[in-house]
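Examining the three-dimensional arrangement
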Amino acid sequence: MTTAAATSFPIPHRVRHTSALKVAAAFWFAVTAVGQSLFVLYILGFHGRALVQGQPEAVNKVLPKGYVPGDLLGNVALFMHIAFAVAIIGGGLLQLLPQLRTIAPRLHRWNGRSYVTLAVVSSLAGMFMMLTRGTVGGPFMYAGMTLDALLVLAFACLTVREARARRFDSHRRWALRLFMAVSAVWFFRVGLMGWLVINGGPVGFDPVSFRGPFLDVLAFAQYLLPLAVLELYFRAQSSRNALASRVMAAGLLAATAFMGVGIFGAAMGMWLPRL
Ligand code: HEM
């Protein structure tokens, strides 16, 4: 369209504010994809290498309750949990690509089935490990992770139910909620490292005992905050109010900028040095 034609047919107001939201959502997805890929790189390079080299005890450098000699069931649960994490994170990113749904609907369905199954099994394995061996942090961490596992199970059921009933708009919403709950482990690391970078060190928790009010809040915020932002995004998407849509787009860009700081901190401080 020429400039003159564009002037005589101005872009409708609603199209402009919904496209600002689309741009913000695409930017969020691009930053998330980079950050989650770096996490996968670390999982493969650190945990994968320990397994391939036949030195499973090497994972104890980062996992306080990692490989325990003689605990066959616990060790199988741990390494299955970690191996599944690679497929879950990779599969989740693939599933969010809108192009995949239109170009390869069969792949979308199979990847979706595998994502839901692995997320459910991995959450159950995570709960088993936490209850039998324990993990870092205090009671809030345990409660926060237990609630996350229960949300994964509930959201997985609702995602599948809505797809089977061919209620695709509702299916999409539950699938996105599932993605947020499954990504809690990643949000935790990004939130923690973003907080450390912004404050120039540990504030609100003791880095040795790994306890304190900041971590108590993060134990729940790791998924409740992304889920709350997602609900606001859904409302802005269906709203006819241009201001609400623009405010949401700006808020999403700000949240993505904070995520970017956290990803940088996690990559430089936790993931890349361990490769
Ligand atoms: C379904 C999504 C999940 C994914 C993708 C995931 C991924 C991971 C990864 C990659 C690790 C290794 C961490 C590292 O090297 O820094 C890990 C460890 C662990 N995860 Fe998960 N996880 C998930 C859900 C859960 C849930 C719901 C629980 C508990 C209810 C849980 C409990 C644990 C425990 C106990 C460890 C070992 C930590 C330690 O040794 O202290 N995970 N998980």
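If you're wondering where the values come from, they're calculated on a predicted model, not measured in any experiment. (Residues numbered from 1 in each chain as written. Predicted model: local features only at pLDDT ≥ 70, side-chain atom pairs only at ≥ 80, totals over all residues. Heavy atoms only, no water.)

As for the coordination of the iron atom of the ligand
- Coordination of the iron atom of the ligand by the protein comes from a single atom, His81 (NE2), at 2.0 Å.
- Following the sequence through the fold, His81 ends up in helix H3 (residues 72–96). (Donors = N, O, S within 2.8 Å, 3.2 Å for Na, K, Ca; no water. Helix = DSSP H or I, 4+ residues; strand = E, 2+ residues; numbered from the N terminus.)

Considerations on the site of the ligand
- Contacts to the ligand come from 22 residues, most closely from Tyr42, His47, His81, Thr135 and Arg189.
- A molecule is said to occupy a pocket when more than half its atoms come within 2 Å of that pocket's grid points, and by this definition the ligand occupies the second largest pocket.
- Taken together, the elements giving at least two residues each to the shell around the ligand come down to helix H2 (13–52), H3, helix H5 (105–133), helix H6 (139–164) and helix H8 (184–199).
- In terms of residue class, the shell around the ligand is made up of 14 nonpolar, six polar and two charged. (Near = heavy atom within 4 Å. 1 Å grid on protein atoms, 1.4 Å probe; cavity = no way out; pocket = protein on both sides within 12 Å on 5 of 7 lines; lining within 4 Å. Sits in = over half its atoms within 2 Å of the grid points. Nonpolar A, V, L, I, M, F, W, Y, C, P; charged D, E, K, R; others polar.)

Focus: helix H9 (residues 213–238)
- With 26 residues, H9 should cover 38 Å at 1.5 Å per step; its first-to-last C-alpha distance of 36 Å lies within 8% of that length.
- Maximal helix bending in H9 amounts to about 50°, located at Ala221.
- Those residues of H9 not exposed but buried are Phe214, Leu215, Leu218, Ala219, Gln222, Tyr223, Pro226, Leu227, Leu230, Tyr233, Phe234 and Ala236. (Expected span 1.5 Å × (residues − 1). Bend = angle between axes of the 7 residues up to and from the residue. Buried < 20%, exposed > 50% of the residue type's maximum accessible area, 1.4 Å probe, protein only.)

A few points about empty space enclosed by the protein
- For the coordinates displayed, the defined rule picks out one cavity of 30 Å³ or more.
- Lining the largest cavity are Gln36, Phe39, Ile88, Ile89, Gly92, Tyr115, Phe179, Val182, Ser183, Val185 and Trp186.
- If you tally residues by element for the lining of the largest cavity, the top one is H3, at three residues.
- Split into classes, the residues belonging to the lining of the largest cavity amount to eight nonpolar, three polar and no charged. (Points joined across faces, edges and corners; volume = space filled by probe spheres on them.)

Considering the packing of H8 against helix H10 (residues 242–271)
- Viewed as axis vectors pointing N to C, H8 and H10 meet at an angle of 95°, and their least axial separation amounts to 7 Å. Of the possible angle classes, the one that applies to H8 and H10 is roughly perpendicular. In this structure, H8 contributes Trp186, Phe187, Arg189, Val190, Gly191, Met193, Gly194, Trp195, Val197 and Ile198 to the contact, and H10 contributes Phe258, Met259, Val261, Gly262, Ile263, Gly265, Ala266, Gly269, Met270 and Trp271.
- For the contact of H8 with H10, the residue count by class is 14 nonpolar, five polar and one charged. (Axes fitted to C-alpha atoms, helices over the stretch in contact; angles between N-to-C directions. Parallel < 35°, antiparallel > 145°, perpendicular 65-115°, else oblique. Contact = heavy atoms within 4.5 Å.)

Quick word on the layout of surface pockets
- The calculated volume of the second largest pocket comes to roughly 1300 Å³.
- Along the wall of the second largest pocket there are 42 residues; nearest its centre are Leu63, His81, Met145, Val185 and Arg189.
- Taken together, the elements giving at least two residues each to the lining of the second largest pocket come down to H2, H3, H5, H6, helix H7 (168–182), H8 and H10.
- Looking at the lining of the second largest pocket element by element, the count peaks at eight residues for H5.
- When its residues are assigned to classes, the lining of the second largest pocket shows 28 nonpolar, nine polar and five charged.

A word on a positive patch on the surface
- On the surface, Arg106, Arg109, Arg113, Arg164 and Arg166 cluster together into a patch of positive charge.
- The leading source of residues in the positive patch is H5, at three residues.
- Relative to the elements of secondary structure, Arg109 occurs in helix H5.
- We classify Arg109 as partly exposed; its relative accessible area is 44%. (Patch = residues over 30% accessible without salt bridge, like charges linked within 9 Å, V, L, I, M, F, W, Y side chains within 5 Å. Areas by Shrake-Rupley, 256 points an atom, 1.4 Å probe, with all protein chains shown as cover. Salt bridge = Lys/Arg side-chain N within 4 Å of Asp/Glu carboxyl O. Lys, Arg positive; Asp, Glu negative; His and termini not counted. Charge placed at Lys NZ, Arg CZ, Asp CG, Glu CD.)

Things to note about unusual backbone geometry
- Positive phi outside glycine occurs at Arg166, with the angle close to 60°.
- Along the chain, Arg166 turns up in the loop between H6 and H7.
- The backbone phi angle of Phe210 is positive, close to 55°, even though this residue is not glycine.
- Its location among the elements puts Phe210 in the loop between H8 and H9.

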